[in-house]
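Structure at a glance
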Amino acid sequence: GLWLRLGGFTLGGAVLAYAAFANAYGSVTQSRNPLAALRFNKSNAVALAVHADRLVMGSPSAVTEDRGEIADLAGRSLDGQAINPRALRVLAFTEEAAGNKAKARKLILLSDRLSRRDLPTQLWLIEDSAAQGDVPATLARYDVALRTDDSAGPVLYPILAGAIDDPAISAGLAKYVKQRADWLPEFADYIAHQQTDNLPAFAEILIRTGRLNSASLESAILAQLAEKGSFDVVRRYYATLPGA
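The paragraphs below set out a description of the structure included in this document. (Residues numbered from 1 in each chain as written. Predicted model: local features only at pLDDT ≥ 70, side-chain atom pairs only at ≥ 80, totals over all residues. Heavy atoms only, no water.)

Quick notes on the packing of aromatic side chains
Defined as follows: Here a Phe, Tyr or Trp ring, Trp counted by its six-membered ring, pairs with any other such ring whose centre lies within 6.5 Å, and the pair is stacked when the planes are under 30 degrees apart, edge-to-face when over 60, and tilted otherwise. Helix and strand definitions follow DSSP, with helices as H or I runs of at least four residues and strands as E runs of at least two, each counted in order from the N terminus. Each residue is assigned to one of three classes by its accessible area relative to the maximum for its type, calculated with a 1.4 Å probe on protein chains only: buried under 20%, partly exposed between the two thresholds, exposed over 50%. Here, over-ring charges are defined by two tests on the NZ atom of lysine or the CZ atom of arginine: distance to the ring centre within 6 Å, and angle to the ring normal within 35 degrees.
Taken as a whole and assessed by the stated rule, the structure comprises five aromatic pairs. For the ring pair Tyr157 and Phe187, a centre distance of 5.6 Å and an interplane angle of 45° mean the geometry is tilted. Residue Tyr157 is located in helix H12 (residues 152–163), and its partner Phe187 is located in helix H14 (residues 184–193); the two are separated by 30 residues in the primary sequence. As far as burial versus exposure is concerned, Tyr157 and Phe187 are alike and both buried. Ring centres of Phe187 and Phe202 lie 5.5 Å apart, and the angle between their planes is 90°; on these two criteria the pair is classed as edge-to-face. In this pair, Phe187 is assigned in helix H14 and Phe202 in helix H15 (residues 199–209), connecting sequence segments 15 residues apart. Classification of Phe187 by relative accessible area gives buried; the value is 0%. Members of the aromatic cluster, joined through ring pairs, are Tyr157, Tyr176, Trp183, Phe187, Tyr190 and Phe202. In this structure, Arg89 packs its charged tip against the face of Phe93, placed 5.9 Å from the ring centre.

What follows is the structure, given as structure tokens:
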């Protein structure tokens, strides 16, 4: 269904989505040593949250198998530092693993209110909105994730590129193309060079909403469309470019 196309980076909820970008996200925390910090101070709120986070990131099954330990670490972290989006999100994952989806959603939304720069929180919200079939809300979450975290692109661009042939998704995406979202050039480069199957659908959005203001990207899109034999789209897209 539609939600599977926009939220299809998971197979069983946000925990698996989290694992999908673990390598990229891990680079943020790999230089830290939370266990060493905790040896000196067992109440170090940051170290507790990072350690809990690493347990979740280490294995998709950890949040179920080690739920008690992870929840305890996140709870102790929150005791020491209430404004703590990472700990709130980790705790939300444990609640979801226990079947408490409503409580998990409340914790995730609180994490989101504290910071929009936590990618796992945004992935959870993307999955949740997509599961409800809410395309505008899902795309709004895509926009937040792509604007606030550089590691979001490799996770989300393939999903978005694979879904824009759906009319509802294409119509929703047109808003961000028209507004020239910050991530638009990078996404356009991705779909023009790496995942071109739905490039004609993307070109149709550009025809309706305006150009990319990048001669190199526009040339790449024209070349790929011609290679695919989408000559009607080539003609109509070219007609929107300066000097055509």
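Quick notes on a nonpolar patch on the surface
The following threshold applies: Only residues whose relative accessible area exceeds 30% and that form no salt bridge enter a patch; like-charged residues are grouped when within 9 Å of one another, and nonpolar side chains (Val, Leu, Ile, Met, Phe, Trp, Tyr) when within 5 Å. Values of accessible area rely on a 1.4 Å probe in the Shrake-Rupley scheme; residue burial ignores everything except the protein chains shown. Here a salt bridge means any side-chain nitrogen of Lys or Arg lying within 4 Å of a carboxyl oxygen belonging to Asp or Glu.
On the surface, Ile83, Leu110 and Leu114 cluster together into a nonpolar patch covering about 260 Å² of accessible area. Tracing the backbone through its elements, the reader meets Ile83 in the loop between helix H7 (67–80) and helix H8 (85–97). Classification of Ile83 as exposed rests on a relative accessible area of 62%.

Focus: the pattern of salt bridges
Overall, the coordinates contain 16 salt bridges when judged by the stated rule. Residues Asp197 and Lys228 are paired through a salt bridge, measuring 3.9 Å at the closest nitrogen-oxygen approach. Residue Asp197 is located in the loop between H14 and H15, and its partner Lys228 is located in helix H16 (residues 215–228); the two are separated by 31 residues in the primary sequence. For Asp197, a relative accessible area of 64% corresponds to the exposed category. Within this structure, Asp53, Arg86, Arg89 and Asp118 form a network of salt bridges that share partners.

Points about the packing of helix H5 (residues 45–58) against H8
As a reminder, the rule being used: Only the contacting stretch of a helix is used when fitting its axis, a line to C-alpha atoms as for every element, and angles between N-to-C directions run 0 to 180 degrees. Small angles under 35 degrees read as roughly parallel and large ones over 145 as roughly antiparallel, with 65 to 115 read as roughly perpendicular and the rest as oblique. Crossing chirality is assigned from the near helix's rotation relative to the far helix, an anticlockwise turn below a right angle marking it left-handed and a clockwise turn marking it right-handed. Whether two residues are in contact is decided by their heavy atoms: any pair within 4.5 Å suffices. Throughout, the ten residues Ala, Val, Leu, Ile, Met, Phe, Trp, Tyr, Cys and Pro are labelled nonpolar, Asp, Glu, Lys and Arg are labelled charged, and all others, Gly among them, are labelled polar.
Axis separation between H5 and H8 bottoms out at 9 Å; the angle between their running directions is 40°. The angle between H5 and H8 places the two elements in the oblique class. Where H5 crosses over H8, the handedness of that crossing is left-handed. Of H8, the residues touching H5 (which contributes Ala49, Val50, Ala52, Asp53 and Val56) are Arg86, Ala87, Arg89, Val90 and Phe93. Residues belonging to the contact of H5 with H8 are distributed by class as follows: seven nonpolar, no polar and three charged.

Describing H8
The periodicity of an α-helix, 3.6 residues per turn, causes residues three or four positions apart to be oriented the same way. Stated precisely, the cut-off is as follows: In this analysis, the expected span of each helix is defined as 1.5 Å times one less than the number of residues it contains.
Helix length check: H8 (13 residues) gives 18 Å between terminal C-alpha atoms against 18 Å at 1.5 Å per residue, within 8%. Of all 13 residues that make up H8, 12 are buried, and the element is covered over most of its length. Taken residue by residue, H8 has Pro85, Arg86, Ala87, Leu88, Arg89, Val90, Leu91, Ala92, Phe93, Thr94, Glu95 and Glu96 as its buried positions. Positive backbone phi, approximately 90°, marks Gly99, located one or two places after H8.

Looking at the environment of Arg147
Relative to the helices and strands, Arg147 is located in helix H11 (residues 135–148). Assessed through its relative accessible area of 43%, Arg147 is described here as partly exposed. Placed 30 residues apart in sequence, Arg147 and Arg117 show a C-alpha to C-alpha distance of 8.9 Å. Non-local contacts of Arg147, meaning those with residues more than four positions away in its chain, are made with Asp182 and Trp183.

Details of the packing of H14 against H16
Put simply, H14 and H16 touch, their axes get as near as 9 Å, and they point 25° apart. When the axes of H14 and H16 are compared, the pair comes out roughly parallel. For the pair H14 and H16, the sense of crossing is left-handed. Within the contact between the two elements, H14 uses Pro185, Ala188, Asp189, Ala192 and His193 and H16 uses Leu217, Ala220, Ile221 and Gln224. Residues that form the contact of H14 with H16 fall into these classes: six nonpolar, two polar and one charged.

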